[in-house]
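Remarks on the overall topology
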Amino acid sequence: MDTNRFKSSHDFSNIQKNLHNNPGYHVESYSQQVKDYMHDMKTKNQEATKQGFVAHAQKSAKNVWDEIQEMASEAWNKNQDHSDEDQ
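Just so it is clear, the model here is predicted, and its values are computed rather than measured.

Overview of the overall build of the protein chain
Summing up its helical and strand segments, the protein chain has three helices and zero strands in all. Traced from its N-terminal end to its C-terminal end, the protein chain shows the element sequence α-α-α. When burial is assessed residue by residue, the protein chain has 6% of its 87 residues classed as buried. For the protein chain, the computed accessible surface area is about 8,000 Å², with 53% contributed by carbon and sulfur atoms.

Notes on the confidence of the model for the protein chain
Put simply, the protein chain has an average pLDDT of 76, and 62% of its residues get 70 or more. Model confidence for the protein chain, summarised as mean pLDDT per element, is weakest for helix α1 (residues 15–21) at 56 and strongest for helix α2 (residues 27–43) at 86.

Overview of the pattern of salt bridges
Across all of its chains, the model carries two salt bridges by this definition. A salt bridge links Asp40 to Lys44; its shortest N-O distance comes to 3.4 Å. Judged by relative accessible area, which is 32%, Asp40 ranks as partly exposed. Judged by its relative accessible area of 45%, Lys44 falls in the partly exposed class.

Scoring rules and cut-offs
- Residues numbered from 1 in each chain as written.
- Predicted model: local features only at pLDDT ≥ 70, side-chain atom pairs only at ≥ 80, totals over all residues.
- Heavy atoms only, no water.
- Helix = DSSP H or I, 4+ residues; strand = E, 2+ residues; numbered from the N terminus.
- Buried < 20%, exposed > 50% of the residue type's maximum accessible area, 1.4 Å probe, protein only.
- Areas by Shrake-Rupley, 256 points an atom, 1.4 Å probe, with all protein chains shown as cover.
- pLDDT = per-residue confidence, 0-100.
- Salt bridge = Lys/Arg side-chain N within 4 Å of Asp/Glu carboxyl O.

In structure tokens:
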């Protein structure tokens, strides 16, 4: 099995294609997130800052990364279980 091949959705050489395949990462999406963040801060009578938004986005990205790692680990373990059965 060739483990060096990426699925086309993970093709790092074509970022624009990846953005098209993952609409959650468009600039427009982040613009909406900024608007939502500013509105949220306003309703809490707090100041909306760029640093605060970036920290919020970083936390969101970390949560997504944690989920990806968990799914990858589960897939690995499942594959290992099946490869043990094949032997």
